[in-house]
Amino acid sequence: MKADYDVIVCGGGLAGLTLAYQLRQELPDASVAVVERQKRPLPEAAHKVGESSVELASHYFGEVLGLRPYLLDNHLKKNGLRFICGNTQGPLEERPEIGPSEFPIVPSYQLDRGKLENDLRAMIEEKGATLLEGRSVQDIELAESDDAPHVVKTSGGDLTCRWVVDATGRLRILQKKLGHRRPSPNKSSSVWFRVRERVLVGELVPQEKAEWHQRDVDDVRWLSTVHLMGKGYWVWLIPLSTGYTSIGIVCHDEHQPFPTYNTKEKALKWLAENEPLVHERIEGLELEDFCMMPNYSYLTDRFASPQRWTCVGEAAAFVDPLYSLGSDFISMSNSYTTRLVGDYLRGALDGEVLEELNQIYCRLAEDAARTLSNNGRIFPHGDLMGAKLWWDFFNYWSFMCAHFFQGIWKQDAATLKKFRAMQARYYQLNSRAQTLLETWAELKSTAFGGPKGFVGLPSFPSTLADAHLELKEMRSVDETFAKMERDLVIGQELVTEILAHALRDLGSEGAAELGRRIGLSKDWDLPIGGERFEIDALPRRQRVDALPRIARDMERALGRVNGDKPLAELLDLALAAAASAPTMPQPTA
Amino acid sequence: MAQRLNRDQIFERVVEILSDSFELEPSNIKLESTLYEDLDLDSIDAVDIFVQLRDITGRRPDPEKAKQIRTVDELVGFVESELDAAERGDPEPETQMPT
Ligand SMILES: Cc1cc2nc3c(=O)[nH]c(=O)nc-3n(C[C@H](O)[C@H](O)[C@H](O)COP(=O)(O)OP(=O)(O)OC[C@H]3O[C@@H](n4cnc5c(N)ncnc54)[C@H](O)[C@@H]3O)c2cc1C
């Protein structure tokens, strides 16, 4: 087939540029062009949202693409995600704080998107990709037969290619044209802006509150992505290497309607009401580059097609910014694309492999959307948020990260299928965990639950800390599968512990209602009841020595509320209530 | 900066940390109490205590010194020596995995 390029990437944002880099690096014989409507130089600091990267994307940028030295020299090393729950109207030092106590060993970064995209443009040219700047893509005409090229219609004329990638972000040319857009259960909106100075979370706490400041022995708290959590919303503070601070408001529409904060003036007023300390700190500063995005979340039912196209980054799906997963999905869509294009150009594209990768991508996005929607009632509570973070991180590191880090996506169709079946088991457990957490939040009688003070995310030593460190160990495919199976069992214990905490916290009345609402059953794949629940009534030392490790970890992290009845009795109440209620639809694998 | 804590105040904070974290009766926590026998704590509890003590000392403890502590009195003495070290500006142990 004759074509101008092997691959044309439409749109040169973060996804398109890193993909071009990866393609040229891994497939040096492939000719690659990027068509990007915006010319250089891009403004630094105030370019785009999406600065915070987490483990999966950091691994992609740093190790898969090999940009670690560049990132360390030009961007900030990030001190994990930090969540501050509790009473937003009270002093910040009295709000529960959940975050890393030490700089995480597995690195992650705060990216300055303007700087990064400027630099990446130069890097891809150096790698031999053709960058067509200042040209916009008007349409993508897909080939009608396998031996004809696709035609990319641009403002500077038509271009042909063998494989086409849509990386146009929210424009989503192919998704719209082909009807693959799917709604997300996450109904949330956001506004964000930059201020031209560092706004440090430490500045929100008076200097004389020495204990709160001293807890952060290395003075690196500010290098975290800080999330200030309130009912149905959160506010982010992200430091940028250029000295600016990115600040954003994210609200679930159900709790905080978009029109209450969608202009500069209204956003300031909203902050004054909801996060008065932040408002006080930034009052008088200019809010630069104020942007907004109502109803930002959407999914897809197809990111890759045997018709020789893929969609990467936001041109495929966008879930939610809470855990900074945007770049993770870029990493996965790019790496899967690189693999598929490589197979295709070698004449070895296996339709089953493509379909497996397509399925796993769509399911992971759907799963993340499940994790990140309908959870606004959880945010103010330190204990609930702590429980959620423990599970969500454990789940994220155990399946999604392991699948990516261990290169499972490079395997054959049968292996991919086996891992997708494993994903379905994680998905079912996650679904149960999320329902449990949300229902616990609905039933909670206090406005702010949980221990005051600091909770290590992860704490050391703990199951969660191990899960994090083990990300760096390379394993064979079989070892990876076996580890996922072991982790699933730990995950089941973890979710059971969340149930135990919820039951004790809600007491006999709430326990029955919890059981009823979630349709609790002994048939669930969880180690409910039995000896574990009997041990719970023992005095601390005996209890702690007899508990499984994860149970002790959770108790260390979340504190412990003793129920009005022993745990085993609370469980019986919950089970009995569920059994007498009309049956609930259960998540299926 | 807040005023430096004296020995009695450090003891009070230590009692608070121990009773809040480990379901202990404050009145049962005495200077002469041994951590591992009288108070029935173990090594993971000790790690958690040292994480919390950072709030008072503002320093990452030297794991070798921390390991030798056996009684509440020694724990109070340890906090005092950490506060002295902080005042003198002694370097902290290298960042490492918290023990
Ligand atoms: C509120 C919010 C907060 C977020 N926070 C984070 C975060 O902390 N961490 C994180 O990882 N992600 C975050 N994200 C997600 C992140 O912004 C996206 O994942 C990322 O920007 C997507 O990159 P992209 O390359 O797919 O799209 P874009 O960055 O939008 O790039 C698309 C590119 O295509 C070009 N283009 C568009 N149309 C055409 C056309 N017709 N012809 C030619 N070129 C075209 C554009 O100029 C642009 O350069 C956040 C998102 C939101 C909404």
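Just above, that's the structure.
Being a predicted model, the structure only gives us computed values, none of them experimental.

**Q** Any details on the overall build of chain B? Residues and values, ideally.
**A** Helix and strand counts for chain B come out as 4 helices and 0 strands. For chain B, the N- to C-terminal ordering of α and β elements is α-α-α-α. Its C-alpha atoms give chain B a radius of gyration of 13 Å, within 12% of the compact-globule value 13 Å for 99 residues. Expressed as lengths along the three principal axes of its C-alpha atoms, the size of chain B is roughly 35 × 30 × 20 Å. Buried positions account for 43% of the 99 residues belonging to chain B. Element-wise, carbon and sulfur atoms account for 48% of the exposed surface of chain B, whose accessible area totals about 5,400 Å². For chain B, the distance from the average position of its 11 positive side-chain charges to the average position of its 25 negative side-chain charges is 6 Å.

**Q** Before we move on, can you summarise the pattern of salt bridges with the specific residues and values?
**A** Counted according to the given criterion, the structure contains 73 salt bridges over all chains. The residue D505 of chain A makes a salt bridge to K444 of chain A at a minimum N-O spacing of 2.6 Å. Residue D505 of chain A is found in helix α14 (residues 477-518), and its partner K444 of chain A is found in the loop between α12 (413-443) and β20 (454-456); the two are separated by 61 residues along the sequence. Residue classification places K444 of chain A among the buried residues on the basis of a relative accessible area of 10%. Here R552 of chain A ties to D42 of chain B by a salt bridge, and the two come within 2.8 Å at their closest N and O atoms. Remark: D42 of chain B occurs in the loop between α1 (7-22) and α2 (43-57) and R552 of chain A occurs in helix α17 (residues 549-558); the pair is interchain, linking two chains. For the pair R552 of chain A and D42 of chain B, a shared accessibility class is recorded, and that class is buried. By sharing partners, the salt bridges in this structure join E497, R504, R532, D536, R543, E555 and R560 of chain A together with E23 of chain B into a single network.

**Q** Can you explain the sheet that holds strand β4 (residues 81-84) of chain A? Please cite residues and give values.
**A** All names here are of chain A. Across the sheet, which stays open at both edges, the 8 strands sit in the order β16-β12-β15-β14-β13-β4-β5-β20 with mixed pairing between neighbours. The two strands at the open ends of the sheet, each matched to only one other strand, are β16 (288-293) and β20. Strand-to-strand, the axes of this sheet are offset by a mean angle of 15°, without reference to chain direction. The sheet contact formed by β4 and strand β13 (residues 225-230) spans 4 bridges and is parallel. Bridge pairing in β13 links F83 to H227. Of the strands in this sheet, β4, β5 (97-99), β13 and β20 are in contact with helix α11 (residues 382-405), which crosses β5 at around 10°.

**Q** Explain a negative patch on the surface residue by residue, including any values.
**A** All names here are of chain A. A surface patch of like charges, here negative, comprises E531, E534, E569 and D572. Residue assignment for the negative patch shows that the elements contributing at least two residues are α15 (530-535) and α18 (567-580). Within the secondary structure layout, E531 lies in helix α15.

**Q** Summarise the interface of chain A and chain B; cite the residues concerned and give the values.
**A** Chain A puts 21 residues into the contact, and the matching count from chain B is 25 residues. Taken over both partners, the interface formed by chain A and chain B buries close to 2,100 Å², and the fraction arising from carbon and sulfur atoms is 48%. In this assembly, chain A and chain B are joined by 13 salt bridges. The closest approach of N and O atoms between D45 of chain B and R552 of chain A, which form a salt bridge, is 2.6 Å. For the pair chain A and chain B, the number of links is 15 residue pairs in polar contact (both at pLDDT 80 or more). Every element with two or more residues in the side of chain A that touches chain B is listed here: α6 (210-214), α16 (540-546) and α17 of chain A. Per-element tally for the side of chain A that touches chain B: the top contributor is α16 of chain A, with 4 residues. Grouping the amino acids of the side of chain A that touches chain B by side-chain chemistry returns 6 nonpolar, 2 polar and 13 charged.

**Q** With reference to specific residues and values, describe the pairing of strand β12 (residues 188-195) of chain A.
**A** Residue and element names in this part refer to chain A. Of all 8 residues in β12, 8 are buried, a share of seventy percent or more. Because side chains alternate across β12, one face comprises the buried residues S188, S190, W192 and R194, and the other comprises S189, V191, F193 and V195, equally buried. Examined bridge by bridge, β12 and strand β15 (residues 245-252) share 8 bridges and lie antiparallel to one another. The residue bridging V191 from the neighbouring strand is I249, located in β15. Two strands pair when backbone bridges link them, and β12 and β16 are joined in this way by 4 bridges, in the antiparallel orientation. Considered in β16, the bridge of W192 is made with C291.

**Q** Got a sec to walk through helix α2 (residues 55-64) of chain A? Specific residues and values, please.
**A** All names here are of chain A. A large share of α2 lies buried, amounting to 8 of its 10 residues. Within α2 the residues assigned to the buried category are E55, L56, A57, S58, H59, Y60, F61 and G62. Backbone geometry just after α2 places G66 at a positive phi near 75°.

**Q** Would you mind going over the site of the ligand in detail, with residue names and values included?
**A** Residues and elements named next belong to chain A. Taken together, 34 residues lie near the ligand, and E36, S52, V137, E314 and S327 sit nearest. Measuring from an oxygen atom of the ligand, one finds a side-chain N or O atom of K48 at 3.0 Å. V49 is positioned such that a nitrogen or oxygen atom in its backbone is 2.9 Å from an oxygen atom of the ligand. The fraction of the free accessible surface of the ligand (990 Å²) that becomes covered by protein chains is 94%. Those elements that place two or more of their residues in the shell around the ligand are α1 (14-26), β2 (32-36), β12 and α9 (326-345). Of the residues forming the shell around the ligand, the biggest block, 3 residues, is contributed by α9. In the shell around the ligand, the residues fall into 13 nonpolar, 13 polar and 8 charged. Structurally, the shell around the ligand is a two-domain feature, drawing no fewer than three residues from each of domain 1 (1-47 + 58-65 + 113-180 + 298-364) and domain 2 (76-110 + 187-296).

**Q** Break down the packing of α2 of chain A against α11 of chain A for me, with residues and values.
**A** Residue and element names in this part refer to chain A. Two numbers describe how α2 lies on α11: the axes approach to 10 Å, and their chain directions differ by 20°. Between α2 and α11, the angle falls in the class roughly parallel. Here α2 and α11 pass one another in a crossing that is right-handed. Between α2 and α11, the residues in contact are E55, L56, H59, Y60 and V64 and Y396, W397, M400, C401, F404 and F405, respectively. When grouped by side-chain class, the residues that make up the contact of α2 with α11 number 9 nonpolar, 1 polar and 1 charged.

Conventions we followed
Residues numbered from 1 in each chain as written. Chains lettered and ligands numbered in written order. Predicted model: local features only at pLDDT ≥ 70, side-chain atom pairs only at ≥ 80, totals over all residues. Heavy atoms only, no water. Helix = DSSP H or I, 4+ residues; strand = E, 2+ residues; numbered from the N terminus. Rg over C-alpha atoms; globule rule 2.2 N^0.38 Å. Buried < 20%, exposed > 50% of the residue type's maximum accessible area, 1.4 Å probe, protein only. Areas by Shrake-Rupley, 256 points an atom, 1.4 Å probe, with all protein chains shown as cover. Lys, Arg positive; Asp, Glu negative; His and termini not counted. Charge placed at Lys NZ, Arg CZ, Asp CG, Glu CD. Salt bridge = Lys/Arg side-chain N within 4 Å of Asp/Glu carboxyl O. Pairing = 2+ DSSP bridges. Axes fitted to C-alpha atoms, helices over the stretch in contact; angles between N-to-C directions. Contact = heavy atoms within 4.5 Å. Patch = residues over 30% accessible without salt bridge, like charges linked within 9 Å, V, L, I, M, F, W, Y side chains within 5 Å. Buried area = accessible area lost by both parts, 1.4 Å probe. Polar contact = N/O pair within 3.5 Å; in protein donor to acceptor, adjacent residues only side chain to side chain. Nonpolar A, V, L, I, M, F, W, Y, C, P; charged D, E, K, R; others polar. Near = heavy atom within 4 Å. Domains from an automatic or database assignment. Parallel < 35°, antiparallel > 145°, perpendicular 65-115°, else oblique. Left-handed = near helix turned anticlockwise from the far one by under 90°.

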